[in-house]
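Listed here are the chains, written in short residue letters.
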Amino acid sequence: MKKISALFLMLTALLMLPQTVSGQTVVEFDFLNNSLNLPIGNAENLNAGNLAGKFIGTNGVILSFVNSPTMPTRYYYNAGKNQLQLIKGGQIRFSVTEGKAITKIEITPVAATNNKWDVDNGVGTLSEDKLTWEGNVTTVRFTANGALYLTKILVTIADKNDATVTPDYTEEYTEAASLAEFNKVENGKLVRLNLNNAVITSGMVNGWGHYVQDATAGAHFYCTGLTFEVNDAINGFVFVRKDFNQPGPRIAMTEFTNAMTINVTHGATYTPVEGSLAEVVTAANVNRVIKLTGVAVKGTAETEATITSGDQTLAISNGKTNYAPYVYKEDLSSVDYAKATVTGILWTNTKGDVFKLYPLSITDESGASISTVNVTDVNSVQIYNLQGVRLGQLQRGINIVNGKKVIKK
C-alpha cells in the first residue's frame, strides 16, 4: 500500500492577503456573477469550465477541485444561471495561506435541496441543513453526496492559533501493476496504477475520457482531467480511484491524479482481440477493441444494429451518447451485410451480463464500409464527394474521408 498525504499538493502563499486583517475576514466566491472570470461551460461545450485539478483563490483562500467518477466538477451556465456544479463524489478542498485558519464556510445553493455535503474526517461541524460549516482548521475537504448546484461560497478566515487543527488526510493507495489488476480492485478504492505501454484506443464523445488497453485488459479513463490523443502510449504510474459504471471499469480521479508521473508517446499501435463472438465477448475484454470476421450485421435503427454469428448475437450502438467512444455518426438502419468484419470497443452494464459494441469500423466483403473517424478532434474530419466538394456528412455513394474512399449504400 502507498500512503500519500494530500498536504503536499496544497498551494502555498501565492495569494496576497488583505493588507490589514483585524479579527475575522469574509472572503467571497461569487459564482453567479463570475467574480473570478472563470471559463464557463454550457450545453454546447460540456467540457468548458472543468475545474479538475485546478486551484482558484482570492484574498488568501484557495479552492481546489476533484471530479466525480461520473461527471466533471465544473463552472457551468444552466437554467439561466452561472453556477458551480458537483455530482456525487466530486470534491472541493478549502485551504488558506500560512498563518491563517478557516473558521466558517457558508454555501448558497441554486435551490434549497442543493445541500448534499459530507465533510471528510469529520472535521468541524456542519449545520443541520448543511449550508454552514464551522471549525478552526488550515484545510478542510467537502465531498458531494448528491447533485449540487451552488452560486456563492463565503469563507471566513482568522489568524491561526493554538486550537487550529491541520487535518491528516493521509490516504492509502493499493498497488496495481496492470489494467487487469486494476479491474480486480474493489470499487471505490484508491489505486496507484502502473501503466505499461497502455494505448489509447478512442476518445469520448463528450471529451471527458478515453478508452485504454494494455497487454492484459482494457479500462476507461473518465473525468480524470487527463488529456490524451488516440494512439498515445502511456508508461508510468498515476494515482486514481477504481469505479465501475457503464461501460465497465473506470479509472476515476483523486486529488493526486496528474500527468507528472507518466510518459506519453504518440503514434502507437494496438492489437484488437480477435475471435468468434463466443470467444471475445467476455468480461475480460470489456473496454478493449475486439475484431470479428465473417459475421452478419443488420441495422435495426439509426443508432442500433445487431451482429449475428451462428446462434450468437451482439448489439451495436453507434455511440450517440456521452459515454461512447468517438464514432462517425452514421445511420445504421440501412446496414444489411451477410458477411462483414467489425471492430469496436466492447461495453457491458454494471452487472456484467449485458454486452454491446461501439463500432470503430464495419466493412462487408464487397468493400462498402462504415468507418469511424476515430480522432481526438472530430471537427478535423474532412469529407468530400468525387467532385471535390466538402460535405458535412456522408452521402450515398462514394465519399472521400480524410483521403480514403468510403462507400455509403
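Predicted model only: the values in this text are computed from it and were never measured.

Criteria and thresholds
Residues numbered from 1 in each chain as written. Predicted model: local features only at pLDDT ≥ 70, side-chain atom pairs only at ≥ 80, totals over all residues. Heavy atoms only, no water. Helix = DSSP H or I, 4+ residues; strand = E, 2+ residues; numbered from the N terminus. Buried < 20%, exposed > 50% of the residue type's maximum accessible area, 1.4 Å probe, protein only. Contact = heavy atoms within 4.5 Å. Areas by Shrake-Rupley, 256 points an atom, 1.4 Å probe, with all protein chains shown as cover. Core = buried A, V, L, I, M, F, W, Y, C linked by side-chain atoms within 4.5 Å. Pairing = 2+ DSSP bridges. Axes fitted to C-alpha atoms, helices over the stretch in contact; angles between N-to-C directions. Salt bridge = Lys/Arg side-chain N within 4 Å of Asp/Glu carboxyl O.

(A) Region of the structure containing the overall build of the chain. Counting its secondary structure elements, the chain contains 2 helices and 31 strands. In the chain, which comprises 409 residues, the proportion classed as buried is 50%. Residue pairs in contact within the chain that sit at least 24 positions apart in sequence constitute 67% of those at least 6 positions apart. When the accessible surface of the chain is summed, it comes to about 18200 Å², and 48% of that surface belongs to carbon and sulfur atoms.

(B) Seen up close, the nonpolar core. Counting 33 residues, the largest nonpolar core has Leu63, Phe94, Ile105, Val140 and Ile153 as the members making the most contacts within it. Among the elements that take part in this core, strand β13 (residues 148-159) stands out by supplying 5 residues, more than any other. If we skip the residues at most four places from it in the chain, Leu63 touches Phe29, Phe31, Lys54, Phe55, Ile56, Ile92, Arg93, Phe94 and Ile153. Formed by 22 residues, the second largest nonpolar core is a distinct cluster that contains Val273, Leu292, Leu314 and Ile316.

(C) View of the sheet that holds strand β3 (residues 55-58). If you trace the 5 strands from one edge of the open sheet to the other, you get β3-β4-β7-β12-β9, paired in antiparallel fashion. Strands at the two margins of the open sheet, each flanked by one partner only, are β3 and β9 (117-119). Averaged over all pairs of adjacent strands, the angle between their axes in this sheet comes to 20°, without regard to strand direction. Pairing of β9 with strand β12 (residues 139-144) involves 3 bridges; the strand directions are antiparallel. In the strand pairing of β12, Val119 is matched with Phe142.

(D) Fine view of the pattern of salt bridges. Considering all chains together, one arrives at 9 salt bridges under this definition. The partner of Glu28 in a salt bridge is Lys152, with the nearest N and O atoms 3.4 Å apart. One end of the pair, Glu28, is in strand β2 (residues 25-30); the other, Lys152, is in strand β13, with 124 residues separating them in the sequence. Overall, Glu28 belongs to the partly exposed group, its relative accessible area being 39%. For Lys100, the salt bridge identified is with Asp159, shortest N-O distance 2.4 Å. Here Asp159 lies in strand β13 and Lys100 lies in strand β8 (residues 100-109), a separation of 59 residues in the sequence. By relative accessible area, Asp159 is classed as partly exposed at 43%. Through salt bridges with shared partners, one network takes in Arg93, Asp120, Arg141, Glu171 and Glu255.

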